[in-house]
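# Chains, contacts and geometry: an overview
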2 protein chains.
Amino acid sequence: MNIGELAKTSGVNAKLIRHYEAIGLIPKASRTESGYRVYSEKDIQFLRFIRRARSLGFSMKEIKKLVGLWRNKSRASREVKALALTHVQTLEKKITEMQEMADNLKILARNCHGDGRPDCPIIKGLENNGE
Amino acid sequence: MNIGELAKTSGVNAKLIRHYEAIGLIPKASRTESGYRVYSEKDIQFLRFIRRARSLGFSMKEIKKLVGLWRNKSRASREVKALALTHVQTLEKKITEMQEMADNLKILARNCHGDGRPDCPIIKGLENNGE
DNA sequence: TTCCACCTTCCAATCATTGGAAGGTCAAGC
DNA sequence: GCTTGACCTTCCAATGATTGGAAGGTGGAA
């Protein structure tokens, strides 16, 4: 199978598959005589694994670890769980931060007339807020 | 005032102030004979405005618009509010996405023993999940 | 004059991806 | 056999916001 078909079946586009190869996340594909990359069913599985990890927000660095654990049949589930829960914490921290941003902004926006007048609590809020 | 003092008083580090100048977010500072950038009180205000906008999660592009509106004394508050509420939506969309990631991951993690055994629902969840 | 903290520019790295250019390959239709 | 078009290749660059470092000039105080 060529890279195009792998892209279609795995849901990871061809450009990105090449990139993953370049950064060493996936092994170098074997090639046809003319230089085309050749893939097998296993690669579909592999890229889907990566795609799903991405969709859970894991970084490439974390995904490399996950892939290592995935392939290591004698892994300790403890390690996987720790990685996952650390990531959950990271996510929740970001969520909290963004929620605070949204809340603060909504408070400012609520008091803004939102009409043709220049007077605007949002601008005022950005002008002076401590320090 | 030199860039270092501006950095301290505004809360935006010197490196970043130069960068903001380079991308045209702030005007080019005047210079001493020896080439040092010179700033005034107004610049403190300006950079604080930018810092606060950043802390609300606005992108540089949006901040450019906000700065334009800030300086335009005949702005319509409608425009500011629209910009703010669009940004709130962007934030809330991201929050929702990340919340889903965290929730999904927590579900997987909850069923994981997290001990020395290799068996792991998190890995399984990444292995097969539709498609 | 020496020392250190400060300033300057320029170039590169981060992170994960996407884009384009320039060119080679493959299979189908004529 | 030739052309067409879809596919493949590599390489380099941009995204967005910042941070890092190198290499060198400046300012003021001891």
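Quick caveat: nothing in here was measured; it's all calculated off a predicted structure.

With that settled, the discussion passes to the protein's contact with DNA strand C. The environment of DNA strand C is made up of 18 residues, and the closest members are Lys15, His19, Tyr20 and Met60 of chain A together with Gly4 of chain B. Tyrosine 36 of chain A places a side-chain nitrogen or oxygen 2.7 Å from a base nitrogen of DNA strand C. Elements supplying a minimum of two residues to the surface near DNA strand C: helix 2 (14–22) of chain A together with helix 1 (3–10) of chain B. Tallying contributions element by element places helix 2 of chain A first for the surface near DNA strand C, with 4 residues. Taken together, the residues of the surface near DNA strand C sort by class into 6 nonpolar, 7 polar and 5 charged.

As a further point, take the interface of chain B and chain A. Listed per partner, the contact involves 56 residues of chain B and 56 residues of chain A. In this assembly, chain B packs against chain A so that about 4,700 Å² is buried in total across both faces, 66% of it on carbon and sulfur atoms. Its salt-bridge partner being lysine 106 of chain A, residue glutamate 92 of chain B comes within 2.7 Å of it at the nearest N-O pair. There are 22 residue pairs in polar contact (both at pLDDT 80 or more) connecting chain B and chain A. At the level of elements, helix 3 (41–55), helix 4 (60–71), helix 5 (77–110) and helix 6 (121–127) of chain B are the ones that each hand at least two residues to the side of chain B that touches chain A. Counting residues per element, the side of chain B that touches chain A draws most heavily on helix 5 of chain B, which supplies 21 residues. A per-class count over the side of chain B that touches chain A returns 26 nonpolar, 15 polar and 15 charged.

Our next topic: the state of the cysteines. Residue and element names in this part refer to chain A. Under the criterion given, the structure shown has 0 disulfides over all chains. As a non-bridged cysteine, cysteine 112 has cysteine 120 as the owner of its nearest cysteine sulfur, 3.7 Å distant. Given a relative accessible area of 2%, cysteine 112 falls into the buried group.

This part covers the pattern of salt bridges. Under the definition given, this model contains 12 salt bridges over all chains. With a closest N to O distance of 2.7 Å, arginine 117 of chain A and aspartate 115 of chain A form a salt bridge. Overall, the relative accessible area of 44% leaves arginine 117 of chain A in the partly exposed class. Note that lysine 93 of chain B and glutamate 97 of chain B form a salt bridge whose closest N and O atoms lie 3.8 Å from each other. Of this pair, lysine 93 of chain B and glutamate 97 of chain B both sit in helix 5, 4 residues apart, which is roughly one turn of the helix.

Structurally, alanine 109 of chain B is set in helix 5. Residue classification places alanine 109 of chain B among the buried positions, given a relative accessible area of 2%. In contact with alanine 109 of chain B, not counting residues within four places along its chain, are Lys81 and Leu85 of chain A together with Ile122 of chain B.

Right, let's talk about helix 4 of chain B for a bit. For helix 4 of chain B, with 12 residues, the first-to-last C-alpha span of 16 Å sits near the 16 Å given by 1.5 Å per residue. If you check which residues of helix 4 of chain B are buried, you get Glu62, Ile63, Leu66, Val67, Leu69 and Trp70 of chain B. Taken end-on, helix 4 of chain B shows its buried residues confined to a sector of 165°, consistent with a single buried face. For helix 4 of chain B, the exposed residues lying more than 90 degrees away from the buried face are Lys61 and Arg71 of chain B. Tucked into the core, helix 4 of chain B has its buried residues touching helix 6 (121–127) of chain A together with helix 3 and helix 5 of chain B.

Calculation notes
Residues numbered from 1 in each chain as written. Chains lettered and ligands numbered in written order. Predicted model: local features only at pLDDT ≥ 70, side-chain atom pairs only at ≥ 80, totals over all residues. Heavy atoms only, no water. Near = heavy atom within 4 Å. Polar contact = N/O pair within 3.5 Å; in protein donor to acceptor, adjacent residues only side chain to side chain. Helix = DSSP H or I, 4+ residues; strand = E, 2+ residues; numbered from the N terminus. Nonpolar A, V, L, I, M, F, W, Y, C, P; charged D, E, K, R; others polar. Contact = heavy atoms within 4.5 Å. Buried area = accessible area lost by both parts, 1.4 Å probe. Salt bridge = Lys/Arg side-chain N within 4 Å of Asp/Glu carboxyl O. Disulfide = S-S within 2.5 Å. Buried < 20%, exposed > 50% of the residue type's maximum accessible area, 1.4 Å probe, protein only. Expected span 1.5 Å × (residues − 1). Arc of directions from axis to C-beta.

The values reported here are purely geometric and, on their own, carry no functional implication.
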